[in-house]
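# Reading the structure
Each chain, written out:
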Amino acid sequence: MIYYIASYIEYLNAQRGLAENTLLAYQSDLYSFAEFLGTLNIEEITLIQRIHINMYIKYLHDKKYTPSSITREIASIKGFFKWLSMNEYIKHNPSLAIEQPKMPKRLPKVLSIREITQLLNENMSIIQKAILELLYAAGLRVSELTNIQLSNVNLSAKYIKCKGKGSKERIVPIGNKACSAIKRYLKERDFTAKKNNVSSKYLFLKENGEKITRQEVYTFINSIGRTINKDISPHTIRHSFATHLLENGADLRVVQELLGHSDVSTTQLYTHISKKRLKDIYFSINK
């Protein structure tokens, strides 16, 4: 089965252009499923039946996996068997009748404009300031931020190019504060590159000249969030960017383009956040 998983991951990489982290997640999910099947002495893909998939889902429930994690695992399995069936490695797709668990609708965390302003006024390094300003100015995913190249940044025209999910490229405008923060950082970056004798194409570099990692950005954002007693991630900044745009009259389709959402229904989530925030403000004033 491992051979087929490897071939499937190669297919996803070559044909669908998925991000490396997405590919690793699919691979991890399928390896976990294969390991479970091994405990049932099932090694051949042709022997896998719907009952085995259901047993695996029950196993995940018993292990206290969250509904979102189980949903992702099922999606990975269904995609894998669809590919196996499409390539006629199996005669019947045992995952067809498998249903996804109902996901509880939870609104993402959002910071207020005042809280974002507090964060931006905290003491931080030049690179941290540029990262935070850019995350909020452009609503980037953390993977998009870490993969920005120098050639993607146009400070005179005030925009950046970034590649989102499925390697879809989009252009996002950025404001004066983000541009100023990046300009200050670029001087430091030049010094870092020369000191380490590196010629990197990436915008954000660590002190040793290597590209900054997603985890390092997560750690920084979480740390800066604690200064205002908030448990946040880079995605919290992205959620706040979208919500603040809608609260200030931006068109939903424009926000969809800026975020790089393929489906406007994903963006519509932020309209619910805006309505909830307005309701909370109203009742806090009219107690």
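Thresholds, definitions, all that
- Residues numbered from 1 in each chain as written.
- Predicted model: local features only at pLDDT ≥ 70, side-chain atom pairs only at ≥ 80, totals over all residues.
- Heavy atoms only, no water.
- 1 Å grid on protein atoms, 1.4 Å probe; cavity = no way out; pocket = protein on both sides within 12 Å on 5 of 7 lines; lining within 4 Å.
- Points joined across faces, edges and corners; volume = space filled by probe spheres on them.
- Helix = DSSP H or I, 4+ residues; strand = E, 2+ residues; numbered from the N terminus.
- Nonpolar A, V, L, I, M, F, W, Y, C, P; charged D, E, K, R; others polar.
- Salt bridge = Lys/Arg side-chain N within 4 Å of Asp/Glu carboxyl O.
- Buried < 20%, exposed > 50% of the residue type's maximum accessible area, 1.4 Å probe, protein only.
- Arc of directions from axis to C-beta.
- Polar contact = N/O pair within 3.5 Å; in protein donor to acceptor, adjacent residues only side chain to side chain.
- Axes fitted to C-alpha atoms, helices over the stretch in contact; angles between N-to-C directions.
- Parallel < 35°, antiparallel > 145°, perpendicular 65-115°, else oblique.
- Left-handed = near helix turned anticlockwise from the far one by under 90°.
- Contact = heavy atoms within 4.5 Å.
- Core = buried A, V, L, I, M, F, W, Y, C linked by side-chain atoms within 4.5 Å.
- pLDDT = per-residue confidence, 0-100.

In this model, the second largest pocket occupies a volume close to 290 Å³. Taken together, 16 residues form the lining of the second largest pocket, with Ser125, Ile127, Leu205, Lys206 and Glu207 sitting closest to its centre. Mapped by element, the contributors of at least two residues to the lining of the second largest pocket are α6 (126–138), α8 (176–195) and α9 (214–225). Looking at which element gives the most residues to the lining of the second largest pocket, the answer is α8, with 5 residues. Among the residues making up the lining of the second largest pocket, the classes are represented as 8 nonpolar, 3 polar and 5 charged.

Note on pairing: side chains with opposite charge can pair once their charged atoms come close. Under the criterion given, the structure shown has 9 salt bridges. Between aspartate 29 and arginine 72 there is a salt bridge, and its shortest N-O distance comes to 2.7 Å. With aspartate 29 in helix α2 (residues 20–39) and arginine 72 in helix α4 (residues 67–86), this pair connects stretches of sequence that are 43 residues apart. For aspartate 29, a relative accessible area of 1% corresponds to the buried category. Judged by its relative accessible area of 42%, arginine 72 is partly exposed. The shortest N-O distance in the salt bridge between lysine 230 and glutamate 115 comes to 3.4 Å. Residue lysine 230 is found in the loop between α9 and α10 (234–247), and its partner glutamate 115 is found in helix α5 (residues 113–120); the two are separated by 115 residues along the sequence. Overlapping salt bridges bring together Arg141, Glu144 and Arg170 as one network.

This part takes up helix α11 (residues 252–259). Buried residues of α11: Val255, Gln256, Leu258 and Leu259, and no others. The buried residues of α11 occupy an angular sector of 165 degrees when projected down its axis, which confines them to one face. Exposed residues on α11 whose side chains face more than 90 degrees from its buried face are Arg253 and Glu257. Put simply, aspartate 251 is the residue that caps the front of α11, since its side-chain oxygen is 2.9 Å from the backbone nitrogen of arginine 253. Following α11 by one or two positions, glycine 260 adopts a phi angle in the positive range, close to 80 degrees.

This part covers the packing of α5 against α10. As a packed pair, α5 and α10 sit with axes 11 Å apart at the nearest point and diverge in direction by 135 degrees. Compared by their axis directions, α5 and α10 come out oblique. Where α5 crosses over α10, the handedness of that crossing is left-handed. Contacts between α5 and α10 involve Ile113, Ile116 and Leu119 from the first element and Ile237, Ser240 and His244 from the second. Each residue belonging to the contact of α5 with α10 can be placed in one class, and the counts come to 4 nonpolar, 2 polar and no charged.

With that out of the way, let us pick up the nonpolar core. One finds Ile131, Leu134, Leu140, Ile160, Ile174, Phe204 and Ile237 to be the most contacted residues of the largest nonpolar core, which totals 44 residues. Looking at this core, the elements with two or more residues in it are α5, α6, α7 (142–146), β2 (159–163), α8, α9, α10 and α11. Residue contributions to this core peak at 7 residues, all from α6. Core analysis: the second largest hydrophobic core is formed by 29 residues, Met1, Ile9, Tyr56 and Phe80 among them.

A low pLDDT score tells you not to read the predicted coordinates there in detail. Of the residues in the chain, 89% reach a pLDDT of 70 or more, and the chain-wide mean stands at 87. Per-residue pLDDT, averaged within each element of the chain, yields its smallest value for helix α13 (residues 269–285) (53) and its largest for α6 (96). Confidence drops under pLDDT 50 across residues 281–287; counting only partners more than four residues distant or on other chains, this segment forms 0 contacts.

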